[in-house]
Amino acid sequence: MPAGWDYAPAPEARDLVELRDRYGLFVGGDWLEPKETYETIDPSSEEPLAEVGQATTKEVDLAVGAAREAFDNGWSAISPSERAKYLFRIARILQERSREFAVLESLNGGKPIRESRDVDLPLSAAHFFYYAGWADKLAHAGFGPSPKPIGVAGQIIPWNFPLLMAAWKIAPALACGNTVVLKPAETTPLTALVLAEIIAEADVPPGVVNVLAGGPSIGQAIVEHDGVDKIAFTGSTEVGKIIQRTLAGTGKRLSLELGGKAANIVFDDAPLDQAVEGIVNGIFFNQGQVCCAGSRLLVQESIEDELIDALKRRLATLRLGDPLDKNTDVGAINSAAQLARIRELSDSGEAEGATRWSPPCELPDRGYWFVPTVFTGVSQAYRIAREEIFGPVLSVLTFRTPDEAIEKANNTPYGLSAGVWTEKGSRILSMANRLRAGVVWANTFNRFDPTAPFGGYKESGFGRVGGRHGLGAYLDV
Amino acid sequence: MAKAPVLATGFELPLEPRLPRIGSVDAVAVEERAATLAKRSIKREAKLFALDLAVRMIDLTTLEGADTPGKVAALSSKAIRPDPSDLTVPSVAAVCVYPNLVPTAVERVRGTSVKVASVATAFPSGQAPTHLKVEEVRDVVEMGADEVDMVIDRGAFLSGRYAKVYDEIVQVKEAAGKAHLKVILEVGELGTYDNVRRASLLAIAGGADFIKTSTGKIPSSCTLPVTLVMLEAIRDVYDETGRRVGMKGAGGIRQAKQAVQYLVQLHETLGPEWLTPDLYRLGASTLLNDVLMQIRKEKTGRYQSPDYFTVD
């Protein structure tokens with residue numbers, strides 16, 4: 001019998017990316033030299049990658065001014081098919097440079113190259129293609145015969161899908177004729193800044209897209225700026241609430257895509273092996289740092305043992321390590337702060353009485369790592385069942401009947417996504433009707449497409465990204 | 001003669017030992033999982049390990065109306081020594097031939113590790129009376145076949161007569177005696193992954209030592225999602241009963257790269273214990289030379305012309 005089969009390292013070429021020592025601020029089509037910079041790192045090794053310009057309120061002012069000028073001086077008035085042309089260009093350049101972008105995304109964010117290569121990049125390009133197609137068809141989108149853009153959009157995006165979130169935000173905004181000031185997350189600015197290079201390369205008029213890296217204070221400055229007509233925020237519910245309070249009474253438009261605590265519901269007639277794949281993809285995709293992650297597994301009690309055994313067996317085959325290795329399934333946690341939060345909540349699960357399990361797994365010495373973790377015996381009252389962990393931690397709860405499944409699934413302040421696993425088509429439809437979640441996946445999980453609207457109920461936010469509905473967030477309707 | 005137990009509900013029998021539940025398979029999701037596994041990047045020594053293993057797992061096959069003793073003799077030599085210019089390349093697992101060619105193959109591989117497998121039971125259609133199939137199996141075993149590759153009666157399976165399928169496998173298993181029994185499901189005719197799983201469990205319940213995808217005689221044959229479904233059935237039987245059943249993929253595996261993908265899937269579904277010719281086979285004719293070419297490329301760093309690999 002062979003001793004075993006160790007896969008040799010298969011790293012994607014890091015030198016596909018030519019990192020600059022220093023990245024500036026992209027304002028009005030130019031790169032401004034920042035007064036202050038900060039270091040952005042590779043979370044899998046804690047090695048520094050580059051110095052990134054830290055915006056100040058002064059640059060926020062300049063960027064909003066540039067966006068306003070671009071909006072007033074033509075962008076909103078040029079022919080829609082012309083706008084589409086720019087978006088198609090961006091999409092194509094993204095595709096051409098997708099290997100480079102995938103490496104950069106994995107370097108700066110810690111996610112496995114398999115995911116950035118197969119999910120983040122194709123979807124980012126697809127969003128630009130999709131909304132490029134809408135640009136000259138807005139009159140047929142169901143918002144009246146001649147829907148108008150809103151104006152200057154301030155867009156603040158998270159660190160879990162840095163490039164994809166930029167695409168989700170920029171593509172519909174530009175297609176509808178708005179101009180934008182985008183702030184990537186503090187820990188993951190690089191792909192958004194290189195996207196700015198692409199936008200310049202695509203000859204998008206100066207000021208239509210402005211990109212400012214920086215911390216929360218810059219986000220706040222954008223939100224509070226008088227020249228901004230609309231805020232689109234994707235991030236934590238906590239910050240979303242602050243933004244909503246800030247904007248109350250100002251007349252600025254707002255769309256929020258916030259946290260989640262999705263139930264992934266597995267019935268006893270589900271295709272079990274595929275359900276296991278769906279659970280794995282639901283909570284360990286991007287190390288669970290996904291707002292719509294299937295963090296609560298609701299399994300019918302009659303198959304709990306069978307399913308959990310199968311899940312554990314599968315988790316033992318996950319390969320954790322170097323994000324740039326093509327065979328890596330689980331990468332690094334995005335930052336020290338996030339790792340601390342995952343640890344704290346996981347410890348609370350144990351303290352409250354849940355049973356903790358992880359596959360045998362060696363963690364690298366340096367960088368931010370957390371082993372995939374499953375909690376069984378979880379009750380609805382535990383923090384790990386109520387609070388968003390945003391990490392590779394699954395809480396397992398059981399139910400007996402479809403009614404109980406609905407009751408438990410909806411028993412959360414969130415309502416972003418849910419999953420249903422069953423062979424019965426009629427049950428899928430009835431569950432989807434009764435689940436209070438913006439997205440319900442049937443016999444799959446974490447599947448995205450630019451044509452499908454995405455967004456939440458309750459504390460998961462409002463407004464939709466993607467599809468025809470996504471246009472509504474950037475039109476004056 | 002073996003007597004099939006009464007099948008009360010479908011074929012979810014025999015009750016002892018218990019079999020895993022039949023359950024269901026979601027086509028979209030199983031194809032996605034198979035596609036993900038196929039993206040594993042296997043390099044250098046890991047690749048060489050896989051290629052060497054692939055050679056040892058090959059059932060070198062010729063199943064043509066035009067097969068002659070001369071053809072089978074040549075094939076047997078190739079099976080014993082696949083690459084005469086590199087003696088570190090191992091022999092393949094077996095040669096797989098029609099019943100009439102079994103004596104030739106037996107004579108040619110005598111004294112080596114290479115086994116002789118014979119197709120039987122009215123291969124490839126299986127559309128013949130059971131007693132003739134059983135007799136055919138007895139004959140090939142008598143002629144010296146170490147392994148018997150039978151086909152299931154798809155006509156019976158697709159018309160819901162699972163008991164007939166089961167009963168036939170039980171009888172063939174008995175007739176095969178010590179010879180290893182591989183049961184061909186002919187997945188391309190089964191239509192759904194659900195049927196593939198059902199047929200896999202049925203064959204295992206009937207006594208199959210191996211389950212095998214295809215005859216290679218119809219265009220649609222072995223695919224990664226199909227073998228994944230079959231491996232999962234094997235795994236579930238092992239979990240439930242402790243019995244290790246083997247797997248043979250056949251039909252359509254022509255390139256070394258595909259062989260590596262099948263082995264990755266095996267490795268990550270059934271684990272390292274199954275990485276042996278005793279439990280996994282690749283039925284193929286043209287695959288071998290591509291694997292040999294890749295082995296030499298890994299060892300020397302360059303590709304050589306196909307003229308440097310023997311054609312038998």
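A quick note: this is a predicted structure, and the numbers were derived from the prediction, not measured.

Colleague: Any chance you could explain the overall build of chain B here in plain terms?
Modeller: When helices and strands are counted, chain B shows 11 helices and 8 strands. For 312 residues, the compact-globule formula gives about 20 Å, and the C-alpha radius of gyration of chain B, at 19 Å, lands near that figure. Expressed along its principal axes, the backbone C-alpha trace of chain B runs to roughly 60 × 45 × 35 Å. Taken across its 312 residues, chain B has 54% of its residues classed as buried. Taking the contacts inside chain B whose residues are at least 6 apart along the sequence as the reference set, 75% of them involve residues at least 24 apart.

Colleague: It is not clear to me how the overall build of chain A should be interpreted in this structure. Could you clarify?
Modeller: From N to C terminus, chain A includes 14 helices and 18 strands. The C-alpha atoms of chain A give a radius of gyration of 22 Å, which matches the 23 Å a tight globule of 477 residues would have. For chain A, buried positions account for 57% of its 477 residues. The long-range share in chain A, meaning contacts at least 24 apart out of those at least 6 apart in sequence, stands at 72%.

Colleague: Please explain the sheet that holds strand 1 (residues 22-23) of chain A as it appears in this structure.
Modeller: Paired through their backbone hydrogen bonds, the strands of a sheet run either parallel or antiparallel. Residues and elements named next belong to chain A. The sheet built from 3 strands is open, its strands ordered 1-5-4 with mixed pairing. Strands at the two margins of the open sheet, each flanked by one partner only, are strand 1 and strand 4 (36-42). Pairing between strand 1 and strand 5 (residues 47-54): 2 bridges, direction parallel. In the strand pairing of strand 5, Arg22 is matched with Glu51.

Colleague: Looking at this model, I keep getting lost on the sheet that holds strand 7 (residues 246-250) of chain B. Mind explaining?
Modeller: Residue and element names in this part refer to chain B. What the 8 strands build is a closed barrel, ordered 1-2-3-4-5-6-7-8; its pairing is parallel. Averaged over all pairs of adjacent strands, the angle between their axes in this sheet comes to 25°, without regard to strand direction. Across the sheet, helix 4 (residues 102-109) is in contact with strand 2 (94-97) and strand 3 (115-120); its angle to strand 3 comes to roughly 170°.

Colleague: I'm lost on the nonpolar core in this one. Help?
Modeller: Generally speaking, soluble globular proteins have nonpolar side chains that are buried together. The biggest cluster of nonpolar side chains holds 158 residues, and the ones touching the most others in it are A:Leu87, A:Phe128 and A:Ile265. In terms of residue count, helix 5 (residues 162-175) of chain A provides more of this core than any other element does, 11 residues in total. Other than its neighbours up to four places away in sequence, A:Ile265 contacts A:Leu298, A:Ala405, A:Ala409, A:Ala418, A:Gly419, A:Val420, A:Trp421 and A:Met431. Within the second largest apolar cluster, 105 residues are counted, among which are B:Val165, B:Val264, B:Leu270 and B:Leu292.

Colleague: Help me out: how do you make sense of the pairing of strand 10 (residues 253-257) of chain A in this one?
Modeller: A regular strand places its side chains on the two faces of the sheet in alternate fashion. Residues and elements named next belong to chain A. Burial within strand 10 is extensive, with 5 of its 5 residues counted as buried. Burial of strand 10 is two-sided: the residues Arg253, Ser255 and Glu257 facing one way and the residues Leu254 and Leu256 facing the other way are all buried. In the sheet, strand 9 (residues 230-234) pairs with strand 10 via 5 bridges, with the strands oriented parallel. Looking at strand 10, one finds that Ala232 is bridged to Ser255.

Colleague: When you look at the interface of chain B and chain A in this model, what are you seeing that I'm missing?
Modeller: How big an interface is tends to be stated in terms of the accessible area lost upon association of its parts. With 24 residues of chain B at the contact, the number on the chain A side is 21 residues. If you list the elements that add at least two residues to the side of chain B that touches chain A, you get helix 1 (27-37), helix 2 (44-57) and helix 10 (256-270) of chain B. Per-class residue counts for the side of chain B that touches chain A are 9 nonpolar, 5 polar and 10 charged.

Colleague: What am I meant to see in the pairing of strand 9 of chain A here?
Modeller: Residues and elements named next belong to chain A. Counted residue by residue, strand 9 has 5 buried out of 5 residues, so it is predominantly covered. Where burial is concerned, the two faces of strand 9 agree: the one with Lys230, Ala232 and Thr234 and the one with Ile231 and Phe233 are both buried. Relative to strand 9, strand 6 (residues 152-156) is paired through 4 bridges, and the arrangement is parallel. Along strand 9, the bridge assignment pairs Gly154 with Ile231. Handedness of the crossover is the feature at issue here: the chain leaves strand 9, passes through helix 8 (residues 237-247), returns alongside strand 10, and the resulting connection is right-handed.

Colleague: Whenever I open this one, the packing of helix 5 (residues 130-142) of chain B against helix 7 (residues 162-176) of chain B confuses me. Can you help?
Modeller: Helix-helix packing is described using two parameters, namely the angle between the two axes and the distance between the axes. Residues and elements named next belong to chain B. The contact between helix 5 and helix 7 brings their axes to 8 Å, and the two run at 25°. Taken together, helix 5 and helix 7 sit at an angle that is classed as roughly parallel. Handedness of the crossing formed by helix 5 with helix 7: right-handed. Across from Thr130, Lys133, Val134, Val137, Arg138 and Val141 in helix 5, the residues of helix 7 making contact are Glu168, Gln171, Val172, Ala175 and Ala176. Class assignment for the residues of the contact of helix 5 with helix 7 results in 6 nonpolar, 2 polar and 3 charged.

Colleague: What exactly am I supposed to notice about the packing of helix 3 (residues 69-80) of chain B against helix 4 of chain B here?
Modeller: Residue and element names in this part refer to chain B. The geometry of helix 3 relative to helix 4 is characterised by a closest axis approach of 9 Å and an angle of 35° between their N-to-C directions. For the pair helix 3 and helix 4, the sense of crossing is right-handed. Contacts between helix 3 and helix 4 involve Pro69, Val72, Ala73, Ser76, Ser77, Ala79 and Ile80 from the former and Thr104, Ala105, Arg108 and Val109 from the latter. Among the residues making up the contact of helix 3 with helix 4, the classes are represented as 7 nonpolar, 3 polar and 1 charged.

Colleague: Just checking my understanding: could you explain helix 5 of chain A for this structure?
Modeller: In an α-helix, one turn spans 3.6 residues; hence positions three or four apart end up facing the same way. The end-to-end C-alpha separation of helix 5 of chain A is 20 Å, in line with the 20 Å expected for 14 residues at 1.5 Å each. When you tally the buried positions in helix 5 of chain A, you get 14 out of 14 residues, the bulk of the element.

Colleague: How do you make sense of the environment of A:Tyr130 when you look at a structure like this?
Modeller: All names here are of chain A. In this fold, Tyr130 is placed in helix 4 (residues 113-134). Classification of Tyr130 as buried rests on a count of 22 C-beta atoms within 10 Å. Put simply, Tyr130 and Ala91 are 39 residues apart on the chain and 9.4 Å apart in space, counted from C-alpha to C-alpha. Discounting residues that sit within four places of it in the chain, Tyr130 has contacts with Pro450 and Thr451.

Colleague: I tried to follow the environment of B:Val311 on my own but got confused; where do I start?
Modeller: Structurally, B:Val311 is set in the segment after helix 11 (287-300). In this structure, the C-alpha to C-alpha distance between B:Val311 and B:Thr286, residues 25 residues apart in sequence, is 9.3 Å.

Colleague: Please clarify how helix 10 (residues 304-315) of chain A should be interpreted in this entry.
Modeller: All names here are of chain A. With 12 residues, helix 10 ought to run about 16 Å at 1.5 Å a step, and its terminal C-alpha atoms sit 16 Å apart, in line with that. Turning to helix 10, its buried residues are Leu307, Ala310, Leu311 and Leu315. On an axial view of helix 10, the arc spanned by its buried residues comes to 135°, and they lie on one face. Residues of helix 10 that are exposed and angled more than 90 degrees away from the buried face: Asp305 and Asp309. Residues of helix 10 that are buried make contact with strand 11 (263-266), helix 9 (272-284), strand 12 (296-300) and strand 14 (373-376).

Colleague: Mind showing me how you'd approach unusual backbone geometry here?
Modeller: Among all residues save glycine, negative phi is the norm, and among peptide bonds the norm is trans. A cis amide bond links B:Phe123 to the next residue, B:Pro124, at an omega of 0°. Within the fold, B:Pro124 resides in the loop between strand 3 and helix 5. Of note, the phi angle at A:Asn446 is positive, near 55°, even though the residue is not glycine. Turning to its location among the elements, A:Asn446 is positioned in the loop between strand 17 (439-442) and strand 18 (461-462).

Colleague: Would you explain the confidence of the model for chain B in this entry?
Modeller: Atom-level detail of predicted coordinates should not be read off regions where pLDDT is low. Residues and elements named next belong to chain B. On average, residues of chain B carry a pLDDT of 93, and 94% of them reach 70 or more. Counted against residues more than four places away or in other chains, residues 1-10, with its pLDDT under 50, gives 15 contacts. Reported for the predicted complex are a pTM of 0.94 and an ipTM of 0.93.

Colleague: Looking at this structure, how should I read the environment of A:Glu39?
Modeller: Residue and element names in this part refer to chain A. Relative to the helices and strands, Glu39 is located in strand 4. Residues Glu39 and Ser430, spaced 391 residues apart in sequence, show a C-alpha to C-alpha distance of 50 Å. Not counting the four nearest positions on each side in its chain, Glu39 is found in contact with Pro48 and Glu51.

Cut-offs applied
- Residues numbered from 1 in each chain as written.
- Chains lettered and ligands numbered in written order.
- Predicted model: local features only at pLDDT ≥ 70, side-chain atom pairs only at ≥ 80, totals over all residues.
- Helix = DSSP H or I, 4+ residues; strand = E, 2+ residues; numbered from the N terminus.
- Rg over C-alpha atoms; globule rule 2.2 N^0.38 Å.
- Buried ≥ 20, exposed ≤ 12 C-beta atoms within 10 Å, placed from the backbone.
- Contact = placed C-beta atoms within 7 Å.
- Pairing = 2+ DSSP bridges.
- Axes fitted to C-alpha atoms, helices over the stretch in contact; angles between N-to-C directions.
- Core = buried A, V, L, I, M, F, W, Y, C linked by C-beta atoms within 7 Å.
- Nonpolar A, V, L, I, M, F, W, Y, C, P; charged D, E, K, R; others polar.
- Right-handed = clockwise from strand over helix to strand, strands pointing away.
- Parallel < 35°, antiparallel > 145°, perpendicular 65-115°, else oblique.
- Left-handed = near helix turned anticlockwise from the far one by under 90°.
- Expected span 1.5 Å × (residues − 1).
- Arc of directions from axis to C-beta.
- pLDDT = per-residue confidence, 0-100.

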